[in-house]
Structures are given as C-alpha cells and as structure tokens.
Amino acid sequence: MDNNIPLVSVIIATYNSEMFIEGRLLDLINQSIFDKTEIIIIDSGSEQNEQKIVMPFLTKYPNFKYFRTEERETIYKAWNRGIRLSKGQFITNANCDDRLDKDGLNVLSKYLLDNPHIALVYADQYLTDTPYLNYYQIKNKKLHKFPDFNRILQLEYCLVGSQPMWRSSLHFKDNIWFDEKYEICGDHEFELNISQYYDMSHLKIPLGSFYKSSKRENKEYQDYNRTRSEGKEISELYTEKYINNIPLDELKRLKDDYGKWIIIPPAIAYTLKKISSLTKGPYVLSFEFLYHFNSLILLRLGEFERAKVICEKFLKY
C-alpha cells in the first residue's frame, strides 16, 4: 500500500457536540495506529463551538481535516460527505460521545487485512450513562455482547453497533452509500445493503464504549416513533428483497425451519420475546417479523391460501 494513503479514514459528524468533541479527538490521537489514520470532521452547521476546539488539532496534526456546512444535515449525509473526502483503505465512523480501546482501530483494520472476503467487522462495547469518561475508565463495567452476523436476524435488528469498520471499496467500487433520507436507522439500511453481496464478521471482544444518556439524549431515543417507523420500513424492504433473491431450494428449507415458529400462539411468542429482552438473553425474532417472513415465503412459493391464513391469524391477534 502507498505510504501516503492512510490505512483508516475516521469520519466524525458533529452537531452541538461541543462538550464531547475534544475527548473524542484525544481518544483518536491515542490510537496505536494514529499515524496510519486520517480524521475527517464534518461540522453540520453546529450552533456550538466545535470549530474553535478543532482548530488547534488541525494546526498540530496534518492528518486532521475539517469541513463545515452552513445548514444542518442528517448524520448520514454528513458521513457520505466525509467519505467522499476520504482516502483510506478502510472507513469507520466516530461518534463524538463514543470512545475506543487504544488498539481498537488496529485490531479492526488488521482483521479486514487478514480476511479479504469480509466487508465489515464489528466488536462488543461497554455501556455507560456517565459522560466524558475514556474507554479505560468505563472498561469492565456493563458489557454489551453483540450477536454473530446472521442475515435473517439482521433483517429485524441492527446487529453491528456504533463502531464498525468497513472497506472503502464498498463506496467507491460498489457504489453503496448511506441513504440520506433516514435520520436514525440509516446505518442499519447501509449494513443490510452490504450484506446482500458480502459477509460481515463479529469479534467477540470489547474494543469500544457507548455513551447511553440517562436523560435519553441519544438520537434514537429522542424520537422513538421515528426510530420505529424507519426501522420497520427498512426491515420490510430488505426482508422482501431477501426472500425474492434466494434460490427456491433454500426458500423451501426456510419454510420448514421458520414455519414451525408461527404454530406458537402469538401471545406466547410475544411473552417469550419480552422475557428475552428483560433478561438480556439472546436476540429473538419477534412474532411480527416471523409472520411477515413466513407469509412472504409462501407468496413466493405460490401458496396463496396458506399465506392468507397466516395473515388473518396475525391480524386477528
């Protein structure tokens, strides 16, 4: 690889994140492969003083870049803007209030270098509701273990978390970008789009931390109805694509494997799902998803009457 080309491009989108951004930049400077990274900051018309905080970093470090827009953009439009300015072999986003193990970028990029068939990699995260802490102050607190990559589970859930790393070729070669119409769930849409063509991988080790505000200030909790609406739209779109694009013999296997779940009364399925959620158990597909998934399988197989029965059973519940 050309020594002038960074290994990793780190994209930061900031809007009114003055209290977090300096800690985020210091966190990235302390990365073990900082000299192999470029840090691209997209200021989406922030009303606060991020620009003043960023300026000393721009002066001191040539691998820092800063761009400000006059108007506020969605985070996904800001990420796309930053990616178009990037030159790295791999890309990761860096949310202002998240933090990393000092070897986090190195571990993720090394995995992609060693596994050329993997398009995106993600790891586990520690959770905290205390702001301003670095990774080592949070370490060994509450650990969130993400599930291994599974295409069907991914159709309902965003499995990847907030600190993945992926290949820049997904954008510049395959023309896969973040859909800028979304405000909250665009990362899930992006990951589902990737998984139509490539595999992803989960590292069963914590490499970062996620700040979950006790005041529900994280974007996904500020407008829960929009979060649900976007998630439902994305899930339905890619579930239909998945069903329509797999071979018929595989479809018949899925019918046998997943058809048995809709025999369970919806009230019991809902209770099992609730118990799993409350006990932090394994990710369980909801009965809403399972009914939708099975009805699409039956429709593609031409079993229209059976699909109708399933839909009527679900609507009755």
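The preceding data block contains the structure.
Residues numbered from 1 in each chain as written. Predicted model: local features only at pLDDT ≥ 70, side-chain atom pairs only at ≥ 80, totals over all residues. Heavy atoms only, no water.

Engineer: How should I be thinking about the overall build of the chain in this particular structure?
Structural biologist: Helix and strand counts for the chain stand at 14 helices and nine strands. Dimensions of the chain, computed from C-alpha atoms along their principal axes, come out at roughly 70 × 45 × 40 Å. In the chain, the proportion of contacts linking residues at least 24 apart, taken out of those at least 6 apart, comes to 79%. Summed over all atoms, the accessible surface of the chain reaches about 16400 Å², with 52% contributed by carbon and sulfur. Of note, the chain has its 43 positive side-chain charges centred 4 Å away from the centre of its 44 negative side-chain charges. (Helix = DSSP H or I, 4+ residues; strand = E, 2+ residues; numbered from the N terminus. Contact = heavy atoms within 4.5 Å. Areas by Shrake-Rupley, 256 points an atom, 1.4 Å probe, with all protein chains shown as cover. Lys, Arg positive; Asp, Glu negative; His and termini not counted. Charge placed at Lys NZ, Arg CZ, Asp CG, Glu CD.)

Engineer: Teacher, can you tell me more about the pattern of salt bridges here?
Structural biologist: Opposite charge on two side chains lets them pair, provided their charged atoms get close. All told, the structure shown has 14 salt bridges when counted by the stated rule. The residue Lys110 makes a salt bridge to Asp114 at a minimum N-O spacing of 2.8 Å. Here Lys110 pairs with Asp114, and both are found in helix α4 (residues 104-114), just four residues apart, close to one helical turn. Using a relative accessible area of 48% as the deciding quantity, one classes Asp114 as partly exposed. With a closest N to O distance of 2.6 Å, Glu250 and Arg253 form a salt bridge. One end of the pair is Glu250 and the other is Arg253, both in helix α11 (residues 248-259) and three residues apart, which spans about a single turn. Judged by relative accessible area, which is 26%, Glu250 ranks as partly exposed. Ionic contacts of the salt-bridge type, sharing partners, join the residues Glu183, Arg226 and Glu230 into one network. (Salt bridge = Lys/Arg side-chain N within 4 Å of Asp/Glu carboxyl O. Buried < 20%, exposed > 50% of the residue type's maximum accessible area, 1.4 Å probe, protein only.)

Engineer: I keep staring at unusual backbone geometry and nothing clicks. Help me out?
Structural biologist: With the exception of glycine, most residues fall at negative phi, and the peptide bonds are largely trans. Residues other than glycine seldom take positive phi values, yet Asn16 does so here, at roughly 50°. Phi is positive for Asn175, close to 60°, though the residue is something other than glycine. Along the chain, Asn175 falls in the loop between α7 (169-172) and α8 (186-195).

Engineer: Even after reading the chapter, I still don't get the pairing of strand β4 (residues 90-93), so can you show me in this structure?
Structural biologist: Moving residue by residue along a regular strand, the side chains alternate between the two faces of the sheet. The two faces of β4 match: Phe90 and Thr92 on one face and Ile91 and Asn93 on the other face are all buried. With four bridges connecting them, strand β1 (residues 8-14) and β4 associate as parallel partners. From the neighbouring strand, Val8 faces β4, where its bridge partner is Phe90. Bridging between β4 and strand β8 (residues 165-167) involves three bridges; their strand directions are antiparallel. Within β8, the residue paired with Phe90 across the bridge is Arg167. (Pairing = 2+ DSSP bridges.)

Engineer: Explain the packing of helix α10 (residues 224-245) against helix α13 (residues 287-300) to me, please; I cannot follow it from the model alone.
Structural biologist: The relative placement of two packed helices comes down to the angle between their axes together with the axis-to-axis distance. Taken N-terminus to C-terminus, the directions of α10 and α13 make an angle of 35°; their axes are 10 Å apart at the nearest point. For the crossing formed where α10 meets α13, the hand is right-handed. Contacts from Ser235, Glu236, Thr239, Glu240, Tyr242, Ile243, Asn244 and Asn245 of α10 reach α13 at Phe289, His292, Phe293, Leu296, Ile297 and Arg300. (Axes fitted to C-alpha atoms, helices over the stretch in contact; angles between N-to-C directions. Left-handed = near helix turned anticlockwise from the far one by under 90°.)

Engineer: What exactly am I supposed to notice about α4 here?
Structural biologist: An α-helical segment advances 3.6 residues per turn. Residues three or four places apart therefore align on the same side. Along α4, the residues classified as buried are Gly104, Leu105, Leu108, Ser109 and Leu112. Taken end-on, α4 shows its buried residues confined to a sector of 115°, consistent with a single buried face. (Arc of directions from axis to C-beta.)

Engineer: Is there a simple way to think about the packing of aromatic side chains in this case?
Structural biologist: Two measures describe an aromatic ring pair: the distance that separates the ring centres and the angle between the ring planes. All told, the structure shown has 21 aromatic pairs when counted by the stated rule. Residues Tyr258 and Phe293 carry aromatic rings whose centres are separated by 5.3 Å and whose planes lie at 70° to one another, so their mutual orientation is edge-to-face. Separated by 35 residues along the polypeptide, Tyr258 in helix α11 and Phe293 in helix α13 bring together distant segments of the chain. Accessibility assignment for this pair places Tyr258 and Phe293 in one class, buried. Of the aromatic side chains, those joined through ring pairs into one cluster are Tyr76, Trp79, Trp166, Phe178 and Phe190. A cation over a ring is seen here: Arg84 above Trp177, with NZ or CZ 4.4 Å from the ring centre. (Phe/Tyr/Trp six-rings, centres within 6.5 Å; stacked < 30°, edge-to-face > 60°. Lys NZ or Arg CZ within 6 Å of the ring centre and 35° of its normal.)

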